[in-house]
Amino acid sequence: MSFFAILFALLIEQARPLARTNPIHAGLRAWALSVSRNFDAGKPHHGWVAWCLAVLVPALVTLAVHWLLLLGLGWPFAVVWSVAVLYVTLGFRQFSHHFTGIRDALEEGDEDRARERLAHWQQVDVGALPRSEIVRHVIEYSALAAHRHVFGVLAWFSVLAALGLGPTGAVLYRLAEFVSRYWQYRERTGVQPASPALQRASAQAWTLIDWLPARMTALSFAVVGSFEEAIEGWRFHAQRFPNDNDGVVLAATAGAINVRLGGEALRARPDLQTPQGLEIDADIGDSDSTPGREPEVGHLRSVVGLVWRSVVVWMLLLALLTLARLLG
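Remember, predicted model here, so these are calculated numbers, not experimental data. (Residues numbered from 1 in each chain as written. Predicted model: local features only at pLDDT ≥ 70, side-chain atom pairs only at ≥ 80, totals over all residues. Heavy atoms only, no water.)

Student: Help me understand the overall build of the protein in this model?
Tutor: Within the protein one finds twelve helices and zero strands. When the elements of the protein are put in sequence order from the N terminus, they spell out α-α-α-α-α-α-α-α-α-α-α-α. Buried residues in the protein amount to 54% of all 328 residues. Relative to all contacts within the protein whose residues are 6 or more apart in sequence, the contacts with residues 24 or more apart total 75%. Averaging the locations of the 28 positively and 29 negatively charged side chains of the protein gives two centres separated by 6 Å. (Helix = DSSP H or I, 4+ residues; strand = E, 2+ residues; numbered from the N terminus. Buried < 20%, exposed > 50% of the residue type's maximum accessible area, 1.4 Å probe, protein only. Contact = heavy atoms within 4.5 Å. Lys, Arg positive; Asp, Glu negative; His and termini not counted. Charge placed at Lys NZ, Arg CZ, Asp CG, Glu CD.)

Student: Can you walk me through the UniProt feature "transmembrane region" (unreviewed entry) in the protein in this structure?
Tutor: When the UniProt feature table is mapped to this numbering, "transmembrane region" (unreviewed entry) covers residues 48-70, 77-95, 153-176 and 306-327. Between the end C-alpha atoms of residues 77-95 the distance is 29 Å, and the span holds 68% helix and 0% strand. Measuring from the first to the last C-alpha atom of residues 153-176 gives 11 Å, for a span that is 79% helix and 0% strand. (UniProt positions renumbered as here; feature names shortened; annotations may be inferred.)

Student: What's the story with the pattern of salt bridges in this structure? I'm lost.
Tutor: For side chains bearing opposite charge, pairing can occur when the charged atoms are close. Summed over the entire model, instances satisfying the criterion amount to 16 salt bridges. Notably, a salt bridge pairs Glu177 with Arg181, separated by 2.7 Å at the nearest N-O pair. With Glu177 and Arg181 both in helix H8 (residues 168-189), this residue pair falls four residues apart, about one helical turn. In this pair, the class of Glu177 matches that of Arg181, namely buried. (Salt bridge = Lys/Arg side-chain N within 4 Å of Asp/Glu carboxyl O.)

Student: Hey, could you run me through the packing of aromatic side chains in this one?
Tutor: Ring pairs (aromatic) are described by centroid distance and by the angle formed between their planes. Per the stated rule, a full pass over the model turns up nine aromatic pairs. Centre to centre, the rings of Phe151 and Phe221 are 5.7 Å apart; their planes meet at 90°, and the pair counts as edge-to-face. Taken together, the positions of Phe151 in helix H7 (residues 131-162) and Phe221 in helix H9 (residues 196-224) put the pair 70 residues apart, joining distant regions of the chain. Relative accessible area serves as the criterion here: at 1%, Phe221 is assigned to the buried category. Considering the side-chain rings of Phe178 and Tyr182, the 5.4 Å spacing of their centres and the 15° angle between planes classify their relative orientation as stacked. Residue Phe178 and its partner Tyr182 are both found in helix H8; the two are separated by four residues, about one turn of the helix. As far as burial versus exposure is concerned, Phe178 and Tyr182 are alike and both buried. (Phe/Tyr/Trp six-rings, centres within 6.5 Å; stacked < 30°, edge-to-face > 60°.)

Student: What am I meant to see in the nonpolar core here?
Tutor: Here is a general trend for soluble globular proteins: nonpolar side chains tend to be buried in one another's company. Judged by nonpolar contacts, the single largest core of 90 residues is most densely connected at Ile6, Leu86, Leu118, Phe151 and Trp183. Per element, the largest residue contribution to this core is 16 residues, and it comes from H7. (Core = buried A, V, L, I, M, F, W, Y, C linked by side-chain atoms within 4.5 Å.)

Student: In this structure, what is going on with helix H3 (residues 44-72)? I would like to understand it.
Tutor: With 29 residues, H3 ought to run about 42 Å at 1.5 Å a step, and its terminal C-alpha atoms sit 41 Å apart, in line with that. The largest bend in H3 amounts to roughly 30° and is located at Leu56, with the proline Pro58 lying one to four residues further along. Among the residues of H3, Gly47, Ala50, Trp51, Ala54, Val55, Pro58, Ala59, Thr62, Leu63, His66 and Leu69 are the ones counted as buried. (Expected span 1.5 Å × (residues − 1). Bend = angle between axes of the 7 residues up to and from the residue.)

Student: Where do I start with the packing of H7 against helix H12 (residues 297-327) in this structure?
Tutor: Relative orientation and spacing of two packed helices are given, respectively, by the angle between their axes and the distance between those axes. Closest axis-to-axis distance for the H7/H12 pair is 9 Å, and the angle between their directions is 10°. Between H7 and H12, the angle falls in the class roughly parallel. Counted together, Arg131, Val135, Val138, Ile139, Ala146, Val150, Phe151, Leu154, Ala155 and Ser158 of H7 and Val297, His299, Leu300, Val303, Val307, Ser310, Val311, Trp314 and Leu318 of H12 form the full contact between these two elements. Residue classes in the contact of H7 with H12 are distributed as 15 nonpolar, three polar and one charged. (Axes fitted to C-alpha atoms, helices over the stretch in contact; angles between N-to-C directions. Parallel < 35°, antiparallel > 145°, perpendicular 65-115°, else oblique. Nonpolar A, V, L, I, M, F, W, Y, C, P; charged D, E, K, R; others polar.)

Student: Help me out: how do you make sense of the environment of Ala32 in this one?
Tutor: In this structure, Ala32 sits in helix H2 (residues 23-39). Residues Ala32 and Ser158, 126 residues apart in the sequence, show an inter-C-alpha distance of 26 Å. Excluding residues within four positions of it along the chain, Ala32 makes contact with Phe178, Val179, Tyr182 and Trp183.

Student: How do you make sense of helix H11 (residues 244-257) when you look at a structure like this?
Tutor: Residues three or four positions apart in an α-helix share a direction because the helix packs 3.6 residues into each turn. An ideal rise of 1.5 Å per residue puts 20 Å on 14 residues; H11 measures up with 20 Å between its terminal C-alpha atoms. Summarising burial for H11: 13 of the 14 residues are buried, a large majority. Its side-chain oxygen at 3.0 Å from the backbone nitrogen of Asn245, Asn243 defines the N-terminal cap of H11. (Polar contact = N/O pair within 3.5 Å; in protein donor to acceptor, adjacent residues only side chain to side chain.)

Student: How do you make sense of a nonpolar patch on the surface when you look at a structure like this?
Tutor: A grouping of Met1, Phe4, Phe8, Leu11, Ile12, Trp75 and Leu326 is seen on the molecular surface, where their side chains present a nonpolar patch of about 710 Å² in accessible area. The biggest single contributor to the nonpolar patch is helix H1 (residues 2-15), with four residues. According to the relative accessible area criterion, Phe4 is partly exposed, its value standing at 31%. (Patch = residues over 30% accessible without salt bridge, like charges linked within 9 Å, V, L, I, M, F, W, Y side chains within 5 Å. Areas by Shrake-Rupley, 256 points an atom, 1.4 Å probe, with all protein chains shown as cover.)

What follows is the structure in structure tokens.
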């Protein structure tokens, strides 16, 4: 029933997206803060204990609810639970309004408004960023956001749901990404900072958990984009980016739509606060770039098409697997 759970969650999220200020996200921030405050004593094993409590406990609670509904009330209620969890963890509308606002501003020729929206989205200092660099950064941030909010969640949900674990994978993936980013953010701002041990544990766990989804996302982009160039970028240019998993996604994106990505990263501004807490992910570039055309506004529409075609491929694959299971 994974296919139907994902389909309904995406449809509901498109019709009624989750508000940016909502009690679920606020509760997760409070949970991560409480865990780090009470269990982060600075030792390596304390970091792993805190990470397990922050990520694995909610995932196990999600699994327990799934099995209680499945055994007590039947599979329709378990599917409803999966839809509810996916609605919170999966979706384009959690980031697409930023992308749309910047794209509209650039198409109208209002580069100042585009810079302002980019700075607000990622909490970075954009300065007098030229038009092509605005486009480049928007493509990079959007590709990674699509991966983390959509394809990574789909990957872990699908794999663990096939093993009978319900929506546990979606919670595991999103929380692993969230706590890694959240604890780094608190260290950057100096407000009740997390210890280096906790940051290191969360970063290592996130790298491990994101390894397979990043490559599945890259393969999806290659299938629906320029396949040979995307695979070549994945193989030869992923190392141009500081983070291995992000590099795979960005290099495949660059090859799939033939655009130059990578270069000087924008620097986060710790003095700025976000309502959602930490939409900060600035360090995704270095001094080198992938081959490709200079970023243009038209590439933003190419990114949208790339992402949606990838979603269609994922859904078709899941539909075929569901049909095969029903017939088999």
